[in-house]
Amino acid sequence: MFTSVDDVSARLAETGYLASPAVATTVFLADRLGKPLLVEGPAGVGKTELAKAVARVAGARLVRLQCYEGVDESRALYEWNHAKQLLRISAGKDETWDEARTDIFGEEFLLPRPLLTAIRGDDAKVLLIDETDKADVEVEGLLLEVLSDFQVTVPELGTVTATRRPFVVLTSNATRELSEALRRRCLFLHIGFPDAELERRIVRLRVPDIGTALAESVVRVVGALRAMDLRKAPSVAETVDWARTLLALGAGILDETVVRDTLGVILKHRGDIEKAAAGLDLDAL
């Protein structure tokens, strides 16, 4: 997919994703080695967007498994279309069970879910297993077979093995520790908050009409907020949202009134807003 680390950076940038050298290097290695990529970091720093950008670069189909507490095999791998099976059995009421069984457990009645979808077919795919840490520990067992051998076993049909491996991205907000067995199968990448220069470039790219001075002020204030002991520090997504908000309000500069009135765009908890309002000194930035 990529010829070099620089090629990764350049092609991701064409999709609007500005990658740091560490991100570009790890994506290149994941592609070259055929290894899944486990991406950890706080919410809103671009983990999911990285998978989407890789899919756009490759012209690949994005297959997404959104993890949550209670997600199970039927939601991750496959399930049978029970309503359609019952109709088929009713239509063939003169058949024996052995005759009906060979039919109702066929491809026509199979409902593939993301993991099975990702390894079937010859088209290019990016498999995004999003917020892996929110799934139950048992789900990791399902992932191990897929990520080890890129195959899925359907007892009624046999083992389905990928003829073309997808590019796999697992994301995690580190709300729980993932198993060592799962980590061993992946290359690891931690995406934290970008440095000021990269964040300015991201803001100017995503909000092209914003002035240079205002973009720099936004990034400085966000950096100061991240240095505070907040319940939820603002992410890159909130930085971009704030820049768009200021542009929509026609604000040319950041003053105390504008900051106070728009803190709810970048801070999502009342205690954080109160702490920022009391402790943020714009004159010192």
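Predicted model, so just to flag it, every value in this text is computed and none were measured. (Residues numbered from 1 in each chain as written. Predicted model: local features only at pLDDT ≥ 70, side-chain atom pairs only at ≥ 80, totals over all residues. Heavy atoms only, no water.)

Caption draft 1: Region of the structure containing helix α10 (residues 196-206). Listing the buried residues of α10 in full gives Leu-198, Glu-199, Ile-202 and Val-203. Down the axis of α10, the smallest arc covering the buried residues is 140°, so these residues share one side. (Buried < 20%, exposed > 50% of the residue type's maximum accessible area, 1.4 Å probe, protein only. Helix = DSSP H or I, 4+ residues; strand = E, 2+ residues; numbered from the N terminus. Arc of directions from axis to C-beta.)

Caption draft 2: How the structure looks around the packing of aromatic side chains. One pass over the structure, following the stated rule, counts one aromatic pair. Considering the side-chain rings of Tyr-78 and Trp-80, the 6.3 Å spacing of their centres and the 80° angle between planes classify their relative orientation as edge-to-face. Pair check on accessibility: Tyr-78 and Trp-80 agree, each one buried. Note that Lys-84 overlies the ring of Phe-109, its terminal NZ or CZ placed 5.7 Å from the centroid. Over the aromatic face of Phe-193 sits the side chain of Arg-226, whose NZ or CZ is 4.3 Å from the ring centroid. (Phe/Tyr/Trp six-rings, centres within 6.5 Å; stacked < 30°, edge-to-face > 60°. Lys NZ or Arg CZ within 6 Å of the ring centre and 35° of its normal.)

Caption draft 3: Representation of the packing of α10 against helix α11 (residues 212-227). Closest axis-to-axis distance for the α10/α11 pair is 9 Å, and the angle between their directions is 130°. One element, α10, and the other, α11, form an angle in the oblique class. Here the hand of the crossing between α10 and α11 comes out right-handed. The segment α10 lies against α11, with Ala-196, Glu-199, Arg-200, Val-203 and Arg-204 engaging Thr-212, Ala-215, Glu-216, Val-219, Val-222 and Arg-226. (Axes fitted to C-alpha atoms, helices over the stretch in contact; angles between N-to-C directions. Parallel < 35°, antiparallel > 145°, perpendicular 65-115°, else oblique. Left-handed = near helix turned anticlockwise from the far one by under 90°. Contact = heavy atoms within 4.5 Å.)

Caption draft 4: Structural context of the nonpolar core. By size, the foremost hydrophobic cluster in this structure holds 32 residues, and its most contacted members are Leu-115, Ile-129, Leu-147 and Leu-170. Within the residue set of this core, elements represented by two or more residues are β2 (61-66), β3 (78-80), α7 (114-119), β5 (125-130), α8 (137-149), β6 (151-154) and β8 (167-172). Examining the composition of this core, we find that five residues originate from one element, α8, more than from any other. If we skip the residues at most four places from it in the chain, Ile-129 touches Leu-65, Cys-67, Leu-115, Leu-143, Val-168, Val-169, Leu-170 and Thr-171. (Core = buried A, V, L, I, M, F, W, Y, C linked by side-chain atoms within 4.5 Å.)

Caption draft 5: Region of the structure containing the pairing of strand β7 (residues 158-161). Pairing of β6 with β7 involves four bridges; the strand directions are antiparallel. From the neighbouring strand, Val-154 faces β7, where its bridge partner is Gly-158. Counting the residues in the hairpin turn of β6 and β7 gives three residues. (Pairing = 2+ DSSP bridges.)

Caption draft 6: Region of the structure containing a negative patch on the surface. Together, Asp-255, Glu-256, Asp-261, Asp-281 and Asp-283 make up a negatively charged patch on the protein surface. Along the chain, Asp-255 turns up in the loop between α12 (236-249) and α13 (256-266). Using a relative accessible area of 31% as the deciding quantity, one classes Asp-255 as partly exposed. (Patch = residues over 30% accessible without salt bridge, like charges linked within 9 Å, V, L, I, M, F, W, Y side chains within 5 Å. Areas by Shrake-Rupley, 256 points an atom, 1.4 Å probe, with all protein chains shown as cover. Salt bridge = Lys/Arg side-chain N within 4 Å of Asp/Glu carboxyl O. Lys, Arg positive; Asp, Glu negative; His and termini not counted. Charge placed at Lys NZ, Arg CZ, Asp CG, Glu CD.)

Caption draft 7: Spatial organisation of the side chain of Glu-199. Within the fold, Glu-199 resides in helix α10. Residue contacts for Glu-199: discarding those within four places in its chain leaves Pro-194, Val-219, Val-222, Arg-226, Val-236 and Thr-239.

Caption draft 8: Broad picture of the pattern of salt bridges. Following the criterion strictly, the structure yields 17 salt bridges and no others. Among the ionic pairs, Arg-61 bridges to Asp-123, the shortest N-O distance being 3.5 Å. Remark: Asp-123 occurs in the loop between α7 and β5 and Arg-61 occurs in strand β2; sequence separation between them is 62 residues. For Asp-123, a relative accessible area of 35% puts it in the partly exposed group. The partner of Arg-120 in a salt bridge is Glu-107, with the nearest N and O atoms 3.2 Å apart. In this pair, Arg-120 sits in the loop between α7 and β5 while Glu-107 sits in the loop between α6 (97-104) and β4 (110-112), placing the two residues 13 residues apart along the sequence.

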